[in-house]
Amino acid sequence: MSLEVLLDPLFRVPFVVGLIVALVLPLLGVLLRLRDEWLAALGFAHLAGASGLIGLAAGVPVVFGGIIGAVLGAGIKSFGRHRGNTVFALMLLIGWAVTLLVAANTALGDAVGHALIDGQLYFAGRVHLYGSLAFLALSALLLPWIAPRLVRARLFPGHEAANQLPAWRWHLSFDVMVALAMALGTGTVGLMGAFALVFIPPWIGFRFASHWHACLRLSVLAGVAGYLAAFIIALMLDQPFGPVLVMVLVVMAA
């Protein structure tokens, strides 16, 4: 396939949508790794995939259906005061089971279920673009407020209780942000592609960065570089985007 395909207007919107996802997910992944809750990404992604499929069966776009399930999971996690990765493992199992059952018992069939897993980036349209731009703006607004509080809660866990701070506000806000991001990521780059962007770039950042801000920059750089390489390779070789993205990120990590 010629390199000219990369300049095709057909792929401009999908490229921008994926680029925004590759920018934001690694940032959230750094904070998840800091909190030892990296499995949250996979739990929320499976819930988003399951609810997106249910919504599609009811005539609701995948993006909106996925948001409902992921945000519901964030609420259960926060208001249930669950900590650690156990609750996310349960979300993963529930989402996986529901996804396969809905795919097997509706007219959607396995094709749509596989599309959510493999990624539908090349089919991203204006709805995905507006949603990703809105989430990028939300992240730029909230992360500078949330991130320092999450770092402080990790390094000084007794500070919030000792000063009677309303910590639930930033913890819940972050959980909802992760849920929204994973719903957006699952509906575009695929379930495992979104998880790979949350897991591998921060892993690289924590391994090689010398300080916190360098970790953030390196994580974003790794995520964007991996995305650009995967986008080119997948188009040139006519391959599904999600698996290519995961393999590129794994090679980078290795």
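Here the structure is shown first, and the text comes after it.
Just so we're clear, the structure is a prediction, and the values are computed from it rather than from any experiment.

### Quick notes on a nonpolar patch on the surface
And step 1. A contiguous nonpolar patch, built from Leu90, Leu93 and Ile94 and spanning about 300 Å² of accessible area, is present on the exposed surface.
And step 2. Within the fold, Leu90 resides in helix H4 (residues 86–105).

### Considering the environment of Gly193
And step 1. Turning to its location among the elements, Gly193 is positioned in helix H9 (residues 191–208).
And step 2. Judged by its relative accessible area of 1%, Gly193 is buried.
And step 3. C-alpha separation for the pair Gly193 and Phe241, spaced 48 residues apart in sequence, amounts to 8.4 Å.
And step 4. Discounting chain neighbours no more than four positions away, the residues touching Gly193 are Leu245 and Val246.

### Re the packing of H9 against helix H10 (residues 212–237)
And step 1. Axis separation between H9 and H10 bottoms out at 8 Å; the angle between their running directions is 135°. The angle between H9 and H10 falls in the class oblique. When you trace H9 past H10, the crossing you get is right-handed. Judged by residue contacts, Leu197, Pro201, Pro202, Ile204, Gly205, Phe206 and Phe208 of H9 engage Trp212, Cys215, Leu218, Ser219, Ala222 and Gly223 from H10.

### Section: the environment of Trp38
And step 1. For Trp38, the position within the fold is in the loop between helix H1 (12–34) and helix H2 (39–57).
And step 2. Taking the relative accessible area as the measure of exposure, Trp38 reaches 32% and is therefore partly exposed.

### Topic: helix H11 (residues 241–253)
And step 1. Taking 1.5 Å as the rise per residue, H11 with 13 residues should run 18 Å; its terminal C-alpha atoms sit 18 Å apart, in good agreement.
And step 2. Turning to H11, its buried residues are Phe241, Gly242, Val244, Leu245, Val248 and Leu249. For H11, the angular spread of the buried residues around the axis is 165°, confining them to a single face. Facing away from the buried side of H11, by more than 90 degrees, are the exposed residues Met247 and Val251.

Calculation notes
- Residues numbered from 1 in each chain as written.
- Predicted model: local features only at pLDDT ≥ 70, side-chain atom pairs only at ≥ 80, totals over all residues.
- Heavy atoms only, no water.
- Patch = residues over 30% accessible without salt bridge, like charges linked within 9 Å, V, L, I, M, F, W, Y side chains within 5 Å.
- Areas by Shrake-Rupley, 256 points an atom, 1.4 Å probe, with all protein chains shown as cover.
- Salt bridge = Lys/Arg side-chain N within 4 Å of Asp/Glu carboxyl O.
- Helix = DSSP H or I, 4+ residues; strand = E, 2+ residues; numbered from the N terminus.
- Buried < 20%, exposed > 50% of the residue type's maximum accessible area, 1.4 Å probe, protein only.
- Contact = heavy atoms within 4.5 Å.
- Axes fitted to C-alpha atoms, helices over the stretch in contact; angles between N-to-C directions.
- Parallel < 35°, antiparallel > 145°, perpendicular 65-115°, else oblique.
- Left-handed = near helix turned anticlockwise from the far one by under 90°.
- Expected span 1.5 Å × (residues − 1).
- Arc of directions from axis to C-beta.

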